[in-house]
Amino acid sequence: MKIDDLKHAKLKEWVQWAADLMTPNEVVICDGSKEEYDSSIKALVDAGLGIPLKKRPNSYLFRSDPSDVARAESRTFIAAKNKDEAGPTNNWIDPVELKKTMTDLYRGCMKGRIMYVIPFSMGPVGSDIAKIGVEITDSAYVVVNMHIMTRVGKKVLDVLGTDGFFVPCIHSIAKPLQPGESDGGKWPCEPDVNKKYISHFPDTYEIWSYGSGYGGNALLGKKCLALRIASVLARDEGWLAEHMLILKLTNPDGKVKYMAGALPSACGKTNLAMLVPTLPGWKVEVIGDDIAWMKFKNGQLYAINPEAGFFGVAPGTSEQSNYNAMQSIKENCIFSNCGLTDDGDIWWEQIGYPAPGKTVIDWKGNERPSPQTDKVPKEGEPIAHVNARFTAPAKQCPCIASEWEDPAGVPISAFLFGGRRASTIPLINQSKSWIHGVFMGSITGSEITAAALDLKAGSVRRDPFAMVPFCGYNMGDYFAHWIKLGKKAEAEGNGDKLPKIFFCNWFRKDADGHFMWPGFGENSRVLSWMFDRCDGKDNAVETAIGFLPKPDAITAPEGVKPEVMAELIKVDTAGWKEEISSIRDEHYAKFGDRLPKELYDELDKIEKALA
Ligand code: O2Y
Ligand code: MN
């Protein structure tokens, strides 16, 4: 297919403009076929960038440049029309100035390379909740990852028709090639972090990315479209685009409920989405592990997973921590920045076994003696980068729910927020109302373990709704959007159909610094309590901070003493009083007059109830 064959006039004009600006050798409109995937992989292997893995059929390892290993938060911009619209949690640059800077950078940036045009659907093709994006990129690594993470190709162009809406996404690795030059097996990108740009234009729903080829900076369907731009679309159109897993929970009677959960990074979100319950008779299946798009239909909130794959953190993933993820990555996967063993397999810290063989090649390509343990080394560099990733087709997950691609979505009964908190926050707490639940989402955060930048160890890094890096507009307005949707549902007589809202904390520690709750599969005990709450079961007590489990409502896992269980579900009045001050003075104050009054009212209510 050629540019001239594109039937959508605006798309055709935009692709031609990009080709004229970036002057690639060739333009390829991606069709999403297996042949296209295979030939792109072959080109990457031939270029010395992809390494076939002997132990995993049709799977490849990539090593990125050390400057290009994670989301570049300091170079991520929300170029709203003014700074206030971007809000205090986002980097802002004037959109006119940013477009000028980036247009100059884009000029000739694809010389000597192929410009790929990837039409993709976030969500099942044709779903009324899905959206279409088109990514222009000069990276074949992006093409193959987008094949796994989204639905790509002609079927998307068919739905787009001649005038459908799409989000234009431009991406360049910023490494033009001179005649006869090749990448020479070296990951191409702009190595100077200060020259990378991950830019979002919320007023025109556009994404422009330059200089990075890794993860969320380059696979623009994920964080850029499905969260930052989608959050703006959701605000404008009255729906929710959230950084949430979606799970299906079935009780021993075969009754099903769907829950969506937002946890900041390093809280085990993917593990929770694919949990293997320890509670007999209960079943957890996954719909999505990272992002949920939700729309009200007849007063009920329905969710889809806009993605088609998992882009999971590799280190720490093992058969013990996430059995289902390990089964999902046996074949047809892309691995980035993992170790490579003698026998041609990937390896990472906490994979569950020491690296086999005498040597292993680390993520930088250096041969190292095989570690005799899979523990994170106390000193020196790990074998796999801490943000090493696997890209795996979601359909390969043994616990994928059969309805995960239902275009209508699944009805959501509960929202779960949570963070990593050593004290104060109970194991599980149910909000008293929708607005109280929005309050819970707004105070989400994790304690930081080491002193970092402006925060002292032990203080809480707030990450409201786990959306701080991903909200495409002022977060004060984002809270207001949540409140508005709840009020609308209530005004329409659908208040009882709103999802119940919960807050969890798997990470309480005792005076000796030991975790009080075992987590992982044992979290099914908490999920079952939430399930029963959604069913109206009288298994909670009302307290100043919310509904907490009645003393025996959650049976203790083996090894958790009754007094520990009691501690996990009680109100820590002194701790909460400090929490209230910290929320008011350090957290909410940042949002100035954009913070909805309703949230201060919730804070006052809890403070009064604790007095
Ligand atoms: O490092 C990256 O670019 C990816 S970040 C990511 C990937 C998958 C799921 N979640 C995240 C995240 O940062 O929340
Ligand atoms: Mn995420």
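Preceding this paragraph is the structure being described.
Here the structure is a predicted model, which means the values were calculated and not measured. (Residues numbered from 1 in each chain as written. Chains lettered and ligands numbered in written order. Predicted model: local features only at pLDDT ≥ 70, side-chain atom pairs only at ≥ 80, totals over all residues. Heavy atoms only, no water.)

S.K.: Give me the lowdown on empty space enclosed by the protein, citing residues and values where you can.
M.R.: Summed over all chains, the structure comprises two cavities of 30 Å³ or more. Size it by volume and the largest cavity reaches roughly 70 Å³. Forming the walls of the largest cavity are Ile425, Pro426, Asn429, His436, Phe439, Met440, Ile443, Phe503, Ile545 and Trp576. Ranked by residue count, the leading element in the lining of the largest cavity is helix H11 (residues 434-442), at three residues. Residue classes in the lining of the largest cavity are distributed as eight nonpolar, two polar and no charged. The space that makes up the second largest cavity amounts to roughly 40 Å³. Taken together, Leu245, Leu247, Met259, Ala260, Gly261, Leu272, Leu416, Leu527 and Met530 make up the full set of residues lining the second largest cavity. Secondary-structure elements contributing two or more residues to the lining of the second largest cavity are strand E12 (245-250), strand E13 (256-262) and helix H13 (524-534). At three residues, the largest contribution of residues to the lining of the second largest cavity is made by E13. (1 Å grid on protein atoms, 1.4 Å probe; cavity = no way out; pocket = protein on both sides within 12 Å on 5 of 7 lines; lining within 4 Å. Points joined across faces, edges and corners; volume = space filled by probe spheres on them. Helix = DSSP H or I, 4+ residues; strand = E, 2+ residues; numbered from the N terminus. Nonpolar A, V, L, I, M, F, W, Y, C, P; charged D, E, K, R; others polar.)

S.K.: An account of the layout of surface pockets is needed here, citing residue identities and associated values.
M.R.: Approximately 500 Å³ is the volume found for the second largest pocket. If you list the elements that add at least two residues to the lining of the second largest pocket, you get helix H2 (34-46), helix H5 (140-149) and strand E7 (151-152). A per-element tally of the lining of the second largest pocket places H2 first, with three residues. Of the residues belonging to the lining of the second largest pocket, the class tally is seven nonpolar, seven polar and six charged. Each of domain 1 (3-30 + 68-237) and domain 3 (310-396) contributes no fewer than three residues to the lining of the second largest pocket. (Domains from an automatic or database assignment.)

S.K.: Outline the pairing of strand E6 (residues 131-137), supporting the account with residue identities and numerical values.
M.R.: Counting buried residues in E6 gives seven out of seven residues, a clear majority hidden from the surface. Both faces of E6 are covered, namely the face carrying Lys131, Gly133, Glu135 and Thr137 and the face carrying Ile132, Val134 and Ile136. Relative to E6, strand E5 (residues 114-122) is paired through seven bridges, and the arrangement is antiparallel. When the bridges of E6 are listed, Met122 appears paired with Lys131. Pairing of E6 with strand E8 (residues 167-172) involves four bridges; the strand directions are parallel. Its bridge partner being in E8, Gly133 is matched across the sheet by Val167. (Buried < 20%, exposed > 50% of the residue type's maximum accessible area, 1.4 Å probe, protein only. Pairing = 2+ DSSP bridges.)

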